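Structural overview for review
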Amino acid sequence: MKMGIEEKQQEVIDEFGVFSDWMQKYEYIIELGKELPLIDEKYKTDDHLIRGCQSRVWLNAAMDESGVILFTADSDAIITKGLIALVIRVLSGEKPTDIVGADLHFVKDIGLQEHLSPTRSNGLASMIKQMKIYALAMGRLPA
Amino acid sequence: MKMGIEEKQQEVIDEFGVFSDWMQKYEYIIELGKELPLIDEKYKTDDHLIRGCQSRVWLNAAMDESGVILFTADSDAIITKGLIALVIRVLSGEKPTDIVGADLHFVKDIGLQEHLSPTRSNGLASMIKQMKIYALAMGRLPA
Amino acid sequence: MEAEPMIIAPHNIEQLREEFPLLHQKVNGSPLIYLDNAATTQKPLYVIESITNYYTGYNANIHRGVHHLANLATDAFEKARNKVKRFISASTDSEIIFTSGTTDAINLVAQTFGKSTLQKGDEILLSVMEHHSNIVPWQMVAESTGAKIRVIPITSSGEWDLSALDTLIGERTRIVAVNHVSNALGTINPVKILIDKAHIAGAKVLIDGAQAIAHIPVHVGYLDCDFYCFSGHKMYGPTGTGVLYGKKELLEMMPPYRGGGEMIETVSFENTTFNRLPHKFEAGTPNIEGVIALGAAIEFIEQLGWEWMNEQEELLLQAATEMLHSIEGVKIYGTSKHKVPVVSFLAEGIHPYDLGTLLDKQGIAVRTGHHCTQPLWDWYKISGTLRASFSVYNNLEEIGIFKQALLKAISLLK
Amino acid sequence: MEAEPMIIAPHNIEQLREEFPLLHQKVNGSPLIYLDNAATTQKPLYVIESITNYYTGYNANIHRGVHHLANLATDAFEKARNKVKRFISASTDSEIIFTSGTTDAINLVAQTFGKSTLQKGDEILLSVMEHHSNIVPWQMVAESTGAKIRVIPITSSGEWDLSALDTLIGERTRIVAVNHVSNALGTINPVKILIDKAHIAGAKVLIDGAQAIAHIPVHVGYLDCDFYCFSGHKMYGPTGTGVLYGKKELLEMMPPYRGGGEMIETVSFENTTFNRLPHKFEAGTPNIEGVIALGAAIEFIEQLGWEWMNEQEELLLQAATEMLHSIEGVKIYGTSKHKVPVVSFLAEGIHPYDLGTLLDKQGIAVRTGHHCTQPLWDWYKISGTLRASFSVYNNLEEIGIFKQALLKAISLLK
Ligand SMILES: Cc1ncc(COP(=O)(O)O)c(C=O)c1O
Ligand SMILES: Cc1ncc(COP(=O)(O)O)c(C=O)c1O
């Protein structure tokens, strides 16, 4: 059966539970960054760029026939890309209302809350905000 | 014999020597302020006003036949007026070169140095400066 | 720490005075009595320590930093913004612009909103009792745009003459800029009435809150003013800090003021784009230390609470007023029913400078002179006053000593 | 105290580090290594204590006060002005204007001198390596006056291409505004040559000294520049302070910038006259605390002395440069022979943000990104770098740890 946002967060938390120091965590994030399926080149435009980040982050959202949103994204910084991969894994494929309401506690739980500070300019917080805005807008479209 | 600037300063210092507290000193200064011969009304104009003071201070300088400078002054604040009276007593009737070179140590010696701070806006420091400027200018005139 | 808040502002004057180290000193041999609070307030330990903590713990330049200290400093800076927002009940953090003071904030509005909207013949409405900082910036923008300045008159008690408003506010009125509280008289002005009238006429309203912010609760949402300005140093905070509140839609449409780092999005020699609010108006490295300490000052005021503060201040105002009335020949300027604890006065036949000097000799700090409101004194046909202004840490005993000192000084000068 | 000066700045790195309490902390489990000094320096106790002393001892609003505290504060404030004057060898205190920072100072000149003298077709000359704070103010005044901006190119080592000067400086050149030291590259620019050439062409020159002031002796009389700007927070002083030096005859003829208290002589609704220099440009309550602490920072630097500082900083620069050269794939941007201790670099194939993040995890604070010099990076065709910038309190051991941390981070990211 398909996992919900909460289960997926738990899965991420479990995965990170095995790491004993920051290096192992970052090695894993960097690994994820390398794996992230790239966004379609045609979306790497200023329209899809998230403002105010040190690293550039492009995000695209599309709704499939079943009414869930599929996110793709990319970044020129690999750590940002790895973090994005985690967020996408948790939110992509979910219904707009679930995305809008999601509390992404996993970032804090795995000890990466520093990346969520709204004043930190790595783009993770801005990206999550943008994902929710997409979900809000798409939730209003006729399914 | 006529006293010089230094003797006059010493005289003022001696006079103040008898006072044991600020009240007696200020009583005396206020007394002096009441006595100061007023400046001729025609000199109470903006031209004779000294800038940047909380109380208004008017100053006039004239050279007599014997080549000494006579100062008259007035202020709307009586303490300022009393202080001015002391300075005039010391500098008026002296030769331009003596005035320019005068070191008015008496203000400090009688414990009123606070009124000499260039940043204090009571006009005493500005007035002394203006007196020296007059003396400098008049010293250059043909006697 | 969150659970049981530290007591930084005890509701007991003697204990409260312990929080202000500066008060405990002698001046010219007498214990200091500091009655120049409208010029600047003293600072509680909590505020002073917030500065020390910043410089010994997490000083760093803010925004765009990836390192730990930069993140701590940025968070603290932005938290202070949020405290200001809450303190004056703005709707979003983006409406809070940090400046170097009230004067800077008013100039910002005059040079951006004013300059870009005023046209020849348009009118700016001020009042007779404005501080120079709320006059000169408008004179400068009036001169460059051809706008005219009109002035709300006052009554002899030092209140706006509201009967004049209907002829003063008209279709050419674009900007109304007035103070919430007069620094020279203490009058609390009925700004809400003026704001509503101005809005009906289509004008925008700037409130100079420099003297209000430490004495009365300010709710910009309720007031519905378009801009509100104040300084940190008059509210137990540090010098070099100030706030401009502006309605978001106005701030959005205003051109930027200062150019530089932080306020840009991208820069090239061909094309520069500006950052979002509030950063668009905050060029260069801000007064990080100061803003964080301003946040601490707000916490201090919030812990004191308006109710307790207003009660204390009302007592002080009444006592000072009665005391001055009891001295023959003393006249108070500013006798409105609605006042903050400020008394401006003259003693008959005595120059304020003389009286101020003899008070200082007795350890009492008051301000003398024009208090940066020359047009007000021109109206009263005097050149200035003595002003005693009180804060919550002043007490009734000080007013008693103040009286004796005044009597002594007056007798010396008579 | 005058007889035997306190040692506030010992000539011994370990003792000197004791004067900087912030340095002694762990970040992410490792001892902090602070290499972001070009963004802002840390503050010695002597400076921090000057703030505490002010607020616990003699805080008051300055100028025009008759009371004791106001006189103490005014004297301290004006003494700080005199220290600045001496520090940069200006000719009179009136040439020293206090601002809230370099950005504020440059905007002041652009909006007063610039706006009042520039005409359509006139030229402003900048360089490719300017900080945004020395670009955007000129773009704004260019837009409002119709002046044009021209740009001095650089060589690949990050130095001005002086061969281009003769075609760039011409009879339409009115203002040349360049930095003394590049914050992004560390280059010490040959400003004297440029100033002389500009003067021959009849142009005025503003030097952005934000990055020079803590590293090299500045003598405005020798340089003969017309304006010189810097910030307190980059020279061991507090945030929210800055200085504009201007030649007196220019400052005299310039229109005022901000209007308000302090900068006026008399105010009436009909006619306002302005105060003398330097007050004409200092509207409102200044950052009194900050200015006094800036004075303390100057004393600190003077006690260290240029000779000792330059020796230490040269050692650090050499060691850092060699260290980076020894790592494969690392490229330094800015390789002039004349540099302050700043190294900007990239590791091949690695985004600066990633490297900066992993350095931070190891306790090392460097800056990443565009460092507010986007046009410079456009010229290099990169989007930014990592920048490690050193101060006198850094030591060679830190450079060793920095190397290990870099190697570890690079191996993780490869
Ligand atoms: C060369 C240069 N100019 C100007 C500035 C702006 O200084 P501030 O942000 O203190 O106004 C900086 C600081 O980053 C700088 O390095
Ligand atoms: C009513 C009023 N407006 C403006 C100001 C200017 O404030 P600042 O000097 O902090 O800019 C003051 C302070 O004296 C004031 O009392």
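Keep in mind the model is a prediction, meaning the values are calculated, not measured. (Residues numbered from 1 in each chain as written. Chains lettered and ligands numbered in written order. Predicted model: local features only at pLDDT ≥ 70, side-chain atom pairs only at ≥ 80, totals over all residues. Heavy atoms only, no water.)

A few words now on the overall build of chain C. Summing up its helical and strand segments, chain C has 14 helices and 17 strands in all. Since a compact globule built from 414 residues should have a radius of gyration of about 22 Å, the 22 Å found for chain C is in line with a globular shape. In terms of its C-alpha atoms, chain C occupies a principal-axis envelope of roughly 70 × 55 × 35 Å. The buried share of chain C, taken over its 414 residues, is 68%. For chain C, restricting intrachain contacts to residue pairs at least 6 apart in sequence, the fraction spanning at least 24 positions comes to 71%. Total accessible area computed for chain C in this model is approximately 13,600 Å², and 51% of it derives from carbon and sulfur atoms. The centroid of the 34 positive side-chain charges in chain C is displaced by 5 Å from the centroid of its 45 negative side-chain charges. (Helix = DSSP H or I, 4+ residues; strand = E, 2+ residues; numbered from the N terminus. Rg over C-alpha atoms; globule rule 2.2 N^0.38 Å. Buried < 20%, exposed > 50% of the residue type's maximum accessible area, 1.4 Å probe, protein only. Contact = heavy atoms within 4.5 Å. Areas by Shrake-Rupley, 256 points an atom, 1.4 Å probe, with all protein chains shown as cover. Lys, Arg positive; Asp, Glu negative; His and termini not counted. Charge placed at Lys NZ, Arg CZ, Asp CG, Glu CD.)

Next up on the list: a negative patch on the surface. A cluster of acidic residues, A:Glu6, A:Glu7, A:Asp103 and A:Asp109, forms a negative patch on the protein surface. Taking relative accessible area as the criterion, A:Asp103 reaches 55% and is therefore assigned exposed. (Patch = residues over 30% accessible without salt bridge, like charges linked within 9 Å, V, L, I, M, F, W, Y side chains within 5 Å. Salt bridge = Lys/Arg side-chain N within 4 Å of Asp/Glu carboxyl O.)

All names here are of chain C. Here chain C is partitioned into domain 1 (13–39 + 305–407) and domain 2 (51–302). When each unit is reduced to the centre of its C-alpha atoms, the spacing between domain 1 and domain 2 is 28 Å. Each side of the interface is counted separately: domain 1 has 35 residues, and domain 2 has 32 residues. Here domain 1 meets domain 2 over a buried area of about 2,700 Å², counting both sides, of which 61% is carbon and sulfur. Among the residues domain 1 hides against domain 2, the three largest losses belong to Trp306, Val340 and Trp379. Together they make up 23% of the total. Taken together, the links from domain 1 to domain 2 amount to 0 salt bridges. In this assembly, domain 1 and domain 2 are joined by 18 residue pairs in polar contact (both at pLDDT 80 or more). Of all elements in the fold, only α11 (306–325), β14 (342–347) and α13 (374–380) reach the threshold of two or more residues within the side of domain 1 that touches domain 2. Here the element with the most residues in the side of domain 1 that touches domain 2 is α13; it accounts for 6 residues. In the side of domain 1 that touches domain 2, the residues fall into 19 nonpolar, 12 polar and 4 charged. (Domains from an automatic or database assignment. Buried area = accessible area lost by both parts, 1.4 Å probe. Polar contact = N/O pair within 3.5 Å; in protein donor to acceptor, adjacent residues only side chain to side chain. Nonpolar A, V, L, I, M, F, W, Y, C, P; charged D, E, K, R; others polar.)

With that settled, the discussion passes to the interface of chain C and chain B. Facing 13 residues of chain C, the contacting portion of chain B comprises 17 residues. Together chain C and chain B conceal approximately 1,400 Å² of surface at their shared face, both sides included; 62% is due to carbon and sulfur atoms. Taken as a group, C:Tyr353, C:Lys361 and C:Leu412 account for 45% of the area that chain C buries against chain B, more than any other trio of residues on that side. Counting every contact that joins chain C to chain B gives 0 salt bridges.

Looking now at the nonpolar core. Judged by nonpolar contacts, the single largest core of 184 residues is most densely connected at C:Ile88, C:Tyr228, D:Ile88 and D:Tyr228. Ranked by size, the runner-up nonpolar core spans 72 residues in total, among them B:Leu86, B:Val87, B:Leu91 and C:Val330. (Core = buried A, V, L, I, M, F, W, Y, C linked by side-chain atoms within 4.5 Å.)

Surveying the vicinity of ligand 2 reveals 13 residues, the closest of which are C:Thr103, C:Asp208, C:Ser231, C:Lys234 and D:Thr285. One of the backbone nitrogen or oxygen atoms of C:Thr102 is found 3.4 Å away from an oxygen atom of ligand 2. C:Gln211 has a polar side-chain atom sitting 2.7 Å from an oxygen atom of ligand 2. Considered on its own, ligand 2 offers 390 Å² of accessible surface; in the complex 94% of this is hidden by protein. Here the residues of the shell around ligand 2 are counted per class, giving 1 nonpolar, 10 polar and 2 charged. (Near = heavy atom within 4 Å.)

Moving on, we get to the interface of chain D and chain C. Listed as interface residues are 90 residues of chain D and, on the opposing side, 89 residues of chain C. A buried area of about 6,500 Å², summed over both sides, lies between chain D and chain C, and 60% of it is on carbon and sulfur atoms. It is D:Tyr55, D:Val66 and D:Phe269 that lose the most area in chain D upon contact with chain C, and together they represent 12% of the buried surface on that side. Seen at the junction of chain D and chain C, the total is 2 salt bridges. At the surface where chain D touches chain C, the tally comes to 38 residue pairs in polar contact (both at pLDDT 80 or more). Broken down by element, the side of chain D that touches chain C gets its largest block of residues, 8 residues, from helix α2 (residues 45–58) of chain D. Taken together, the residues of the side of chain D that touches chain C sort by class into 40 nonpolar, 39 polar and 11 charged.

Residue and element names in this part refer to chain D. Burial analysis of strand β9 (residues 227–231) places 5 of its 5 residues in the buried class, which makes it a mostly covered element. Where strand β8 (residues 204–208) meets β9, 3 bridges bridge the pair, whose relative direction is parallel. Counterpart to isoleucine 207 in the pairing with β9 is tyrosine 228. As defined by bridge partners, β9 adjoins strand β10 (residues 242–246) across 5 bridges and the pair is classed as antiparallel. (Pairing = 2+ DSSP bridges.)

Attention now moves to the site of ligand 1. Looking at ligand 1, there are 13 residues lining it, with C:Thr285, D:Thr103, D:Asp208, D:Ser231 and D:Lys234 nearest. More than one chain approaches ligand 1, the contributing ones being chains C and D. D:Thr103 is positioned such that a nitrogen or oxygen atom in its side chain is 2.6 Å from an oxygen atom of ligand 1. Taking 390 Å² as the accessible area of ligand 1 by itself, protein coverage stands at 95%.

This part covers the sheet that holds strand β5 (residues 123–127) of chain C. Residues and elements named next belong to chain C. The 7 strands are arranged β4-β10-β9-β8-β7-β5-β6 in an open sheet whose pairing can be described as mixed. Single-partner strands in this sheet number two, and they are β4 (96–99) and β6 (148–152). Here the average twist between neighbouring strands, direction ignored, is 20 degrees. Sheet topology places strand β7 (residues 173–179) next to strand β8 (residues 204–208); 5 bridges connect them, and they run parallel. Along β8, the bridge assignment pairs isoleucine 175 with lysine 204. Each of β5, β6, β7 and β8 touches helix α5 (residues 136–145); the most contacted strand, β5, lies at about 160 degrees to it. (Axes fitted to C-alpha atoms, helices over the stretch in contact; angles between N-to-C directions.)

When the 5 pairs of chains in contact are compared, the highest contact count belongs to chains C and D. Nothing in chain A touches chain B, and the closest approach of their C-alpha atoms is 44 Å.

Before going further, it helps to examine the packing of aromatic side chains. Within the structure shown, the criterion is met by 40 aromatic pairs over all chains. Cation over ring: B:Lys44 sits above B:Trp58, and NZ or CZ is 4.9 Å from the ring centre. (Phe/Tyr/Trp six-rings, centres within 6.5 Å; stacked < 30°, edge-to-face > 60°. Lys NZ or Arg CZ within 6 Å of the ring centre and 35° of its normal.)

Once that is clear, we can look at the packing of helix α3 (residues 78–91) of chain A against helix α6 (residues 124–139) of chain A. Residue and element names in this part refer to chain A. Interaxial distance between α3 and α6 falls to 10 Å at its minimum, and their mutual angle equals 25 degrees. One element, α3, and the other, α6, form an angle in the roughly parallel class. Taken as a pair, α3 and α6 cross one another with a handedness that is right-handed. Seen from α3, the contacting residues are Leu83, Ile84, Val87, Ile88 and Leu91; seen from α6, they are Leu124, Met127, Ile128 and Met131. For the contact of α3 with α6, the class distribution of residues is 9 nonpolar, no polar and no charged. (Parallel < 35°, antiparallel > 145°, perpendicular 65-115°, else oblique. Left-handed = near helix turned anticlockwise from the far one by under 90°.)

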